[in-house]
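# Survey of secondary and tertiary structure
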Amino acid sequence: MNSDKTPKNTVQSLIRAIDILDLVSSNKEGINVTEISTQLKLHKSTAYRLLSTLEYKNFVKKDKNKRYKVGKRVIEIGHQALINIDLRKEMRPILQELGEITKGTVHLGILDDFKVFYIDKVETSHTLRMYSSIGKGGPLYCTGLGKALLAFSEQEYINRFLKQLKFVRYTDNTITHKKELKDQLEKIKKRGYAVDNMEHEDNIRCVAAPVFDYSGELIAAVSISAPTQRISMKRTTKLSKLIVDYSQKMSIS
């Protein structure tokens, strides 16, 4: 909370906002603006202004009783920080095993704002070079990883994504209508895996499945990609079972 000795070169309003976050996070049932202003010795208008800014950026949320609770952005940042510490290291042997079995390119990706962010990639001597690379992003609506991540995200996130979405046609098979995308997402969630049928890159097919943490929270997705001459539509059925098995193996229990 507030300190009597504030270090030099600090921004007072930012310190107050952090104090509010600390206070909100320590109250599981929520806390109202009056309680916050009293406990932190802030003018009520100052507390409300800071809360409004935090709410706008999704760091806090207000329930129907006007009590503030921790927002999705705080959870996302903390969750992502924990994931990125060990996820790539822990999953690497499994990704390599999957690559050797399938002779395809294997990707591990996470959500980054409204994109899929590649955190690992395994290529074998049989794989074809793809445009993806570690540390870069890709579209959610026309990649296997992206659709797997999107389908298993919370509905609030999906709604926000669809609201800002502007389709880009990468190939003749790229999805360019929201209804078609929504229909695909429903199918993906029911069957447990996504298919990219030459939607992002010509002559490349991909199957992908979500990865969850110990609490059942979505943390990543894993995919297998290869040229269409090696992944026929018939073979995607076999690979889909394999990718689901491996994604479950990768999920932290």
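Our subject is the structure listed above.
Overview of the structure. (Residues numbered from 1 in each chain as written. Predicted model: local features only at pLDDT ≥ 70, side-chain atom pairs only at ≥ 80, totals over all residues. Heavy atoms only, no water.)

### Details of the sheet that holds strand β6 (residues 194–197)
Basically, it comes down to this: For two strands to count as paired, DSSP must find a minimum of two bridges between them. To qualify as a helix, a DSSP run of H or I must reach at least 4 residues; to qualify as a strand, a run of E must reach at least 2; elements of each kind are numbered from the N terminus. Residue contacts are counted whenever heavy atoms from the two residues lie within 4.5 Å of one another. Axis definition: a line fitted to C-alpha atoms, over the contacting stretch in the case of helices. Angles run 0 to 180 degrees between N-to-C directions.
Across the sheet, six strands lie side by side as β5-β4-β3-β8-β7-β6; this open sheet has antiparallel pairing. Of all strands in the sheet, those with a lone pairing partner are β5 (137–138) and β6, marking the two edges. Bridge analysis of strand β3 (residues 105–112) against strand β8 (residues 218–227) gives five bridges, and the strand direction is antiparallel. Among the inter-strand pairings, V106 is bridged to a residue of β8, identified as I224. Packing of helix α8 (residues 233–250) onto the sheet brings it into contact with β3, β6, β7 (204–212) and β8, and relative to β7 it is tilted by some 25°.

### With respect to the packing of aromatic side chains
Going by this rule: Between 30 and 60 degrees the pair is tilted, below 30 it is stacked and above 60 it is edge-to-face, where a pair is any two Phe, Tyr or Trp rings, Trp via its six-membered ring, whose centres lie within 6.5 Å. Two conditions define a charge sitting above a ring: the NZ of Lys or the CZ of Arg must be within 6 Å of the ring centre, and it must be within 35 degrees of the ring normal.
Summed over the entire model, instances satisfying the criterion amount to four aromatic pairs. Between Y141 and F167, the ring centres sit 5.1 Å apart and the planes meet at 85°, which makes this aromatic pair edge-to-face. Of the two residues, Y141 sits in the loop between β5 and α5 (144–151) while F167 sits in the loop between α6 (155–164) and α7 (178–191), which places them 26 residues apart along the sequence. Each member of the aromatic cluster is reached from another via a ring pair, and the members are F114, Y157 and F161. A cation sits over an aromatic face here: R191 above Y193, 4.5 Å from the ring centre.

### Thoughts on the nonpolar core
What counts, and what does not: Take the buried residues of types Ala, Val, Leu, Ile, Met, Phe, Trp, Tyr and Cys, join any two whose side-chain atoms come within 4.5 Å, and each joined set is a nonpolar core. Under the scheme applied here, a residue whose accessible area is under 20% of the maximum for its type counts as buried, over 50% as exposed, and between as partly exposed, the area being computed with a 1.4 Å probe on protein chains only.
Membership of the largest hydrophobic core comes to 26 residues, with the highest contact counts inside it found for L87, M91, L95, L108, V222, I243 and M250. At the level of secondary structure, the elements contributing two or more residues to this core comprise α4 (72–102), β3, β4 (115–122), β7, β8 and α8. If you look at the next biggest cluster of nonpolar residues, it comprises 24 residues, including I158, L162, L185 and A194.

### Quick word on the side chain of T102
Spelled out, the test is: Counting of polar contacts relies on pairs of N or O atoms within 3.5 Å, with two restrictions inside protein: one atom must be capable of donating a hydrogen and the other of accepting it, and residues adjacent in sequence are counted only when both atoms are side-chain atoms.
Take T102: it is sitting in helix α4. Within polar-contact distance, the side chain of T102 engages the backbone oxygen of L98 at 2.8 Å. Aside from chain neighbours lying at most four places away, what touches T102 is I224, R230, R235, L239 and L242.

### With respect to the pattern of salt bridges
Rules: Any Lys or Arg side-chain nitrogen located within 4 Å of an Asp or Glu carboxyl oxygen qualifies as a salt bridge.
In total, this model carries eight salt bridges according to the counting rule given. A salt bridge links K103 to E100; its shortest N-O distance comes to 3.5 Å.

### Quick word on unusual backbone geometry
Positive phi outside glycine occurs at K66, with the angle close to 60°. By secondary structure assignment, the location of K66 is in the loop between β1 (60–62) and β2 (68–70). Under the relative-accessibility criterion, K66 is labelled exposed at 60%. One non-glycine residue, N203, adopts positive backbone phi at about 65°. Tracing the sequence through the fold places N203 in the loop between β6 and β7. By relative accessible area, N203 is classed as partly exposed at 47%.

### A closer look at the pairing of β8
Burial analysis of β8 places 10 of its 10 residues in the buried class, the great majority of the element. The sheet contact formed by β7 and β8 spans nine bridges and is antiparallel. Paired with C206 across the strands is S225, a residue of β8. Taking the residues that link successive antiparallel strands as the turn, the β7-β8 hairpin has five residues, and the phi of G216 there is positive, at about 85°.

Coordinates in, geometry out; function isn't part of it.
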